[in-house]
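What follows is the residue order along each chain.
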Amino acid sequence: RIINGYDFVAVNERMEESLVVLAMLAQIPLTDVVVFSSKIAGGYDGGNGRSCVKLKKKWTTPKIDEYIRGDYQSANKDDYLLYNAAQRSLDKTIDALGRHRVEENVKLLRSLQQQNDEQCASKVTMPCPEPKDEQEKRDHIRLVKESCYFSDIGCGHACTDEVLADYGEKEWASITTSSYGQG
């Protein structure tokens, strides 16, 4: 019942599919859902006033996996019910939109994302790590304010808009020809 109160729920582990479905339902260009990730393994977190922390690649042990599948899932069964409902809802929506069309748009999104990453990575200033030198730190803060909407949110937006400006019109037709919810 809870999931019926939402117009759209993304599934983090299926973010590309979720973003494509969102674009198709909202009839917006895929370029509007391309993101420049601020939190990847090897990068940093802490752009919202906390000290910078280097992000490590996630890992588990067999004992942790067993705990998650057992006691943890039992203790959080309502969360897992919602998660599974979101998964089913995403699958049903993909089927309604046309699985092949969604898969083709996921490929296009990946291509746009890769082009964005390649062309913008060296042009974006992230909040972390901060330089030690005071003058460099002031310059760094100014560049971060230019690169990000707020803290480490929306970093690279200007570069993304520039890099993907030519693509919006090209792929717009594939998104807007959705027959979902009609007839």
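Below, the structure is looked at part by part. Since we're looking at a predicted model, the values are computed, not measured.

What the protein contains, in helices and strands, is 7 helices and 2 strands. Reading the helices (α) and strands (β) of the protein from amino to carboxyl end gives α-β-β-α-α-α-α-α-α. Counting all 183 residues of the protein, 31% fall into the buried class. Considering only intrachain contacts with a sequence separation of at least 6, the fraction spanning at least 24 residues in the protein is 66%. As displayed, the protein offers around 12600 Å² of accessible surface, 52% of which is attributable to carbon and sulfur atoms.

Moving on: the state of the cysteines. In this structure the tally under the stated criterion is 3 disulfides. In the protein, the cysteines engaged in disulfides, taken in order along the sequence, are linked 1-3, 2-6, 4-5.

A few words on the packing of helix 4 (residues 99-120) against helix 6 (residues 157-164). Describing two packed helices takes the angle between their axes plus the distance from one axis to the other. Put simply, helix 4 and helix 6 touch, their axes get as near as 10 Å, and they point 120° apart. Here helix 6 runs oblique to helix 4, going by the angle between their axes. Here helix 4 runs over helix 6; the crossing is right-handed. Contacts between helix 4 and helix 6 involve Leu112, Gln115, Asn116, Gln119 and Cys120 from the first element and Cys159, Thr160, Val163 and Leu164 from the second. Its residues assigned to classes, the contact of helix 4 with helix 6 comprises 5 nonpolar, 4 polar and no charged.

To continue, consider helix 4. Note: α-helices contain 3.6 residues per turn, so residues at a spacing of three or four share the same orientation. In this model, helix 4 (22 residues) spans 31 Å end to end at C-alpha, consistent with the 32 Å of a helix rising 1.5 Å per residue. Here helix 4 has its buried residues at Val102, Asn105, Val106, Leu109, Leu112, Gln113, Asn116 and Cys120. Around the axis of helix 4, the buried residues are gathered within 130° of arc, so they sit on the same side. Exposed side chains of helix 4 directed beyond 90 degrees from the buried face belong to His100, Lys107 and Glu118.

This part is about helix 3 (residues 77-97). Helix length check: helix 3, at 21 residues, gives a terminal C-alpha distance of 30 Å against a target of 30 Å (1.5 Å per residue), a fit within 8%. Restricting attention to buried positions, one finds in helix 3 the residues Ala85, Ala86, Gln87, Leu90, Thr93, Ile94 and Leu97. Check the buried side of helix 3 and you find it contacts helix 1 (15-26) and helix 4. Glycine 98 sits one or two residues past helix 3 and shows a positive phi near 110°.

As a further point, take the nonpolar core. In this structure, Val20, Leu30, Val102 and Leu109 are the most contacted members of the largest nonpolar core, which totals 29 residues. Residue assignment for this core shows that the elements contributing at least two residues are helix 1, helix 3, helix 4 and helix 6. If near-sequence neighbours (up to four positions away) are discounted, valine 20 is found in contact with Leu30, Val102, Asn105, Val106 and Leu109.

Residue proline 129 is bonded to the preceding cysteine 128 through a cis peptide linkage, with omega at -5°. In this fold, proline 129 is placed in the loop between helix 4 and helix 5 (134-147). Even without a glycine there, the phi angle at glutamine 27 is positive, about 55°. Classification of glutamine 27 as partly exposed rests on a relative accessible area of 35%. Unlike most non-glycine residues, serine 151 shows phi in positive territory, near 55°. Since its relative accessible area comes to 15%, serine 151 is described here as buried.

Turning our eyes to something else, we now look at the packing of helix 3 against helix 4. Two elements in contact, helix 3 and helix 4, have axes whose closest approach is 5 Å; the angle formed by their N-to-C orientations is 100°. By the angle between their directions, the pair helix 3 and helix 4 is classed as roughly perpendicular. Residue-level inspection shows Asp91, Ile94, Asp95 and Leu97 of helix 3 in contact with helix 4, the latter providing Arg99, Arg101 and Val102. Its residues assigned to classes, the contact of helix 3 with helix 4 shows 3 nonpolar, no polar and 4 charged.

Reading the values: the criteria
- Residues numbered from 1 in each chain as written.
- Predicted model: local features only at pLDDT ≥ 70, side-chain atom pairs only at ≥ 80, totals over all residues.
- Heavy atoms only, no water.
- Helix = DSSP H or I, 4+ residues; strand = E, 2+ residues; numbered from the N terminus.
- Buried < 20%, exposed > 50% of the residue type's maximum accessible area, 1.4 Å probe, protein only.
- Contact = heavy atoms within 4.5 Å.
- Areas by Shrake-Rupley, 256 points an atom, 1.4 Å probe, with all protein chains shown as cover.
- Disulfide = S-S within 2.5 Å.
- Axes fitted to C-alpha atoms, helices over the stretch in contact; angles between N-to-C directions.
- Parallel < 35°, antiparallel > 145°, perpendicular 65-115°, else oblique.
- Left-handed = near helix turned anticlockwise from the far one by under 90°.
- Nonpolar A, V, L, I, M, F, W, Y, C, P; charged D, E, K, R; others polar.
- Expected span 1.5 Å × (residues − 1).
- Arc of directions from axis to C-beta.
- Core = buried A, V, L, I, M, F, W, Y, C linked by side-chain atoms within 4.5 Å.

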